[in-house]
Amino acid sequence: MQTPRSTTLLERACRVIPGGVNSPVRAFAAVQGDPPFIRRAEGATLIDEDGNRYVDLIGSWGPMVLGHAHPDVLRAISEAAAGGTSFGAPTAREVDFAEALVAAHPTLDMVRLCSSGTEATMHAIRLARGFTGRDGLVKIDGCYHGAHDSVLVAAGSGVETFAQPGSPGIPAATAGLTRTAPFNDLAAVRAHLERGDVAAVIVEPVPGNMGCIVPDDGYLNGLSRLCEEHGALFILDEVMTGFRLARGGAAERFGVKADLVCLGKIVGGGLPLAAFGGRADVMARLSPSGPVYQAGTLSGNPLAVAAGHATLDLLTPDVYDRLEAVGAAVEAGISEAVSAAGASMARVGSMFTVFFRHEAPRHFAEVRECDMAAFGHFHRAALASGVYLPPSQYEAAFLPATLSSADLQRVIDGICAALRGVDAPGASH
């Protein structure tokens, strides 16, 4: 019998790439499996190197809201590439795109482009420190804001998947400036702010890196008010939620005000692009207008900006109606099987997670109570049914607006079948 090409590729990759992957969660270690290597994608479908087809519920971890290889986005990339791939100089496309972002998101007065969500949060935190003259940072347990030193603390996602509370290589002095609080716990954040040395509070408004967690009513606005009261800046990390939960992101969906917002994923249309922005007086402190330094050779890359702008132009009210309808249909279709498996489900719009815990978690400590072995069994069974879910209990699934009726039914049937084969989590959960 011929060895699957993905198996051969993994063996080769492990010889030249640490762990065989270029981002840890892709390794499938948390679900006791080996990752399929993807050859191409179209619409809501991934095709691996062995020709297997999957309905994609990762969507490159969120940005493929319109599905893969959308013709309008590909056309925009091709037209931009014909004029050159990188200049290191200003372009009209950057201005057009920045204007579109400011017009779309309710918290943006000004915006600066960069290349990844990690960069966006890193620069926003530095800007907050420069603006306030304070060094302290409050982050929320289980929220992931990229792989930089200030926020790789109680970060959920791949860090927790591999049972690491942080990471070697982070100086103790840097980690000591970051304090944590549980999601949905305003009192814990207030206690940190009352010390008077906090530059900013940063949060994923709907966490996607400890699974999809629903914010309590008033939680996000409560954080905003606490920051205003204590002279700290409120940073919304909308790298996952921006342009997914609404055109104006979670800020629009929940009616929350922030001082700075970090955007990524969808804003690049599948190419490496991100942004951070917010209040004009805060952004004015950024170089070259102000003293807080930030730079990047590929910031505003013409191909990425073209893809991002084409994607934004396609995000009409009908797309958001479709995302809500698809999310509701999946929830309705699997809810009985979820309950029968002793599991739970959390959903906000087109983001969702099946948790192997009787009640959906409200914060990271409850996520850690989930039956991880059961999730692994569930994931492997779903993959065998052609449903490609995130390979970790700590990651949210993302639905595309382009799911056909047949693909939607395949998702429901595949998840239900996978759930029926899983032993219910222990009653102690």
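Just so we're clear, the structure is a prediction, and the values are computed from it rather than from any experiment. Numbers given to residues run from 1 along each chain, matching the order in which its sequence is written. Two thresholds apply to this predicted model, a pLDDT of at least 70 for residue-level local features and 80 or more for giving and counting side-chain atom pairs, whereas whole-chain, interface and lining totals are computed over all residues. Only hydrogens and water are removed before side-chain values are computed, so all heavy atoms of the structure are retained for them.

*Asks:* Help me understand the overall build of the protein in this model?
*Replies:* Strands are runs of DSSP state E lasting at least two residues, helices are runs of H or I lasting at least four, and both sets are numbered from the N terminus onward. Helices and strands together make up the secondary structure of the protein, namely 15 helices and 14 strands. When we talk radius of gyration, it's over C-alpha atoms, and the globule rule is simply 2.2 Å times the number of residues to the 0.38. Taking 429 residues into account, the globule formula puts the C-alpha radius of gyration at 22 Å, and the protein, at 21 Å, falls close to it. Along the first, second and third principal axes, the C-alpha atoms of the protein reach 65 × 55 × 45 Å. Looking at the protein as a whole, 56% of its 429 residues are labelled buried. Here a residue-residue contact requires only that any non-hydrogen atoms of the pair lie within 4.5 Å. In the protein, 72% of the contacts between residues at least 6 apart in sequence involve partners at least 24 apart. Residue exposure (1.4 Å probe, protein chains only): buried if accessible area is under 20% of the type maximum, exposed if over 50%, otherwise partly exposed.

*Asks:* How should the nonpolar core be read in this particular structure?
*Replies:* Note on terminology: a nonpolar core comprises buried Ala, Val, Leu, Ile, Met, Phe, Trp, Tyr and Cys residues joined through side-chain atoms within 4.5 Å. Within the largest apolar cluster, 55 residues are counted, with the highest numbers of intra-cluster contacts made by L101, V189, V203 and F243. Of all hydrophobic cores here, the second largest spans 40 residues; its members include V25, I58, A341 and F356.

*Asks:* Can you walk me through the pattern of salt bridges in this structure?
*Replies:* Pairing between side chains of opposite charge can happen when their charged atoms approach one another. When a carboxyl oxygen of Asp or Glu is within 4 Å of a side-chain nitrogen of Lys or Arg, the pair counts as a salt bridge. Taken as a whole and judged by the stated rule, the model has 13 salt bridges. K257 is paired through a salt bridge with E228; the nearest N and O atoms lie 3.9 Å apart. Of this pair, K257 sits in the loop between α9 (249-254) and β9 (260-263) while E228 sits in helix α8 (residues 219-230); the two residues are 29 residues apart in sequence, bridging distant segments of the chain. Two residues, R357 and E369, come together in a salt bridge whose shortest N-O distance is 2.9 Å. With a gap of 12 residues between them, R357 in the loop between β12 (351-355) and α13 (364-367) and E369 in the loop between α13 and α14 (372-384) connect regions that are remote in the sequence. With relative accessibility at 7%, the residue R357 sits in the buried group. Linked by salt bridges that have partners in common, R40, E42 and R53 make up one network.

*Asks:* Looking at this structure, I do not really get the sheet that holds β12. What am I missing?
*Replies:* Strand pairing in a sheet takes place through backbone hydrogen bonds and is either antiparallel or parallel in direction. Spatial ordering of the open sheet is given by β11-β12-β14, a layout of 3 strands whose pairing is antiparallel. Every interior strand has two partners, whereas the edge strands, β11 (344-348) and β14 (397-398), have only one. Two strands qualify as a pair provided DSSP detects at least 2 bridges between them.

*Asks:* It is not clear to me how the packing of aromatic side chains should be interpreted in this structure. Could you clarify?
*Replies:* Here a ring pair, both rings aromatic, is described through the centre-centre distance and the interplanar angle of the planes. Pairs were defined over the aromatic rings of Phe, Tyr and Trp, the Trp ring being its six-membered one, requiring ring centres within 6.5 Å. Orientation was assigned from the angle between planes: stacked under 30 degrees, edge-to-face over 60, tilted for the rest. Within this structure, the stated rule accounts for 7 aromatic pairs. Relative to Y388, the ring of Y54 lies with its centre 5.7 Å away and its plane at 70°, an arrangement referred to as edge-to-face. Here Y54 is found in strand β3 (residues 53-56), whereas its partner Y388 is found in strand β13 (residues 387-388), with 334 residues between them in sequence. A relative accessible area of 8% means that Y388 is categorised as buried. Through a chain of ring-to-ring contacts, three or more aromatic side chains come together here, namely F28, Y54 and Y388.

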